[in-house]
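If you want the building blocks of each chain, they are given just below.
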Amino acid sequence: MIGKGVRTNMKKTANSLKRPDGDKRMAMLRLELDYELATLYEAMMENDEEKKKECKRRLEKLRQELMRLQV
């Protein structure tokens, strides 16, 4: 049996595939990922733990969205 959260994610994925701007969003996500990775690198060089934590949180959200679009 599929849980409610899984069904919700499936609907979001299906809706994103219907959008004509899906390819554009994927390109934007890749740019955002690159930017966040650069920001994370900067935080690592500065040894800024709070900034590193925030970058990792944003990277995870971007990764999840990218994975949904790629399905």
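Procedures and definitions
Residues numbered from 1 in each chain as written. Predicted model: local features only at pLDDT ≥ 70, side-chain atom pairs only at ≥ 80, totals over all residues. Heavy atoms only, no water. Helix = DSSP H or I, 4+ residues; strand = E, 2+ residues; numbered from the N terminus. Buried < 20%, exposed > 50% of the residue type's maximum accessible area, 1.4 Å probe, protein only. Contact = heavy atoms within 4.5 Å. Core = buried A, V, L, I, M, F, W, Y, C linked by side-chain atoms within 4.5 Å. Salt bridge = Lys/Arg side-chain N within 4 Å of Asp/Glu carboxyl O. Expected span 1.5 Å × (residues − 1). Arc of directions from axis to C-beta. Polar contact = N/O pair within 3.5 Å; in protein donor to acceptor, adjacent residues only side chain to side chain.

*Asks:* Describe the side chain of Glu36, listing the residues and the values that go with them.
*Replies:* Residue position: Glu36 is located in helix α2 (residues 22–46). Residue class for Glu36 comes out buried when judged on its relative accessible area of 7%. Apart from the residues within four sequence positions on either side, Glu36 is in contact with Cys55, Arg58, Leu59 and Leu62.

*Asks:* Would you mind going over the nonpolar core in detail, with residue names and values included?
*Replies:* Listed in full, the 9 residues of the largest apolar core are Met26, Leu29, Leu33, Leu40, Cys55, Leu59, Leu62, Leu66 and Leu69. Every element with two or more residues in this core is listed here: α2 and α3 (49–70). For this core, the element with the highest residue contribution is α3, accounting for 5 residues. Look past the residues within four positions of Cys55 in its chain and what remains in contact with it is Glu36, Thr39 and Leu40.

*Asks:* So what about the pattern of salt bridges? Which residues, and what values?
*Replies:* If you walk through the whole model with that rule in mind, you get 9 salt bridges. Notably, a salt bridge pairs Glu36 with Arg58, separated by 2.9 Å at the nearest N-O pair. Pair noted here: Glu36 is in helix α2 and Arg58 is in helix α3, with a separation of 22 residues, a long-range link. A relative accessible area of 29% places Arg58 in the partly exposed class. Taken together, the shared-partner salt bridges connect Glu36, Glu54, Arg57 and Arg58 into one network.

*Asks:* Go over unusual backbone geometry, please, and point to the residues and values.
*Replies:* Of note in this structure, Asn47 is not a glycine but carries a positive phi near 55°. You can see Asn47 is positioned in the loop between α2 and α3. Relative accessible area serves as the criterion here: at 54%, Asn47 is assigned to the exposed category.

*Asks:* Lay out α3 in plain terms, naming residues and giving numbers.
*Replies:* The terminal C-alpha atoms of α3 lie 31 Å apart, and with 22 residues this matches the ideal 32 Å at 1.5 Å per residue to within 8%. Taken as a whole, α3 has its buried residues at Lys52, Cys55, Leu59, Leu62, Leu66 and Leu69. Each buried residue of α3 lies within a common arc of 105° when the element is viewed along its axis, so the set occupies one face. Residues of α3 that are exposed and point over 90 degrees away from its buried face: Glu50, Lys53, Lys56 and Lys61. Regarding α3, its N-cap is Asp48, as a side-chain oxygen of that residue lies 3.3 Å from the backbone nitrogen of Glu50 further along.

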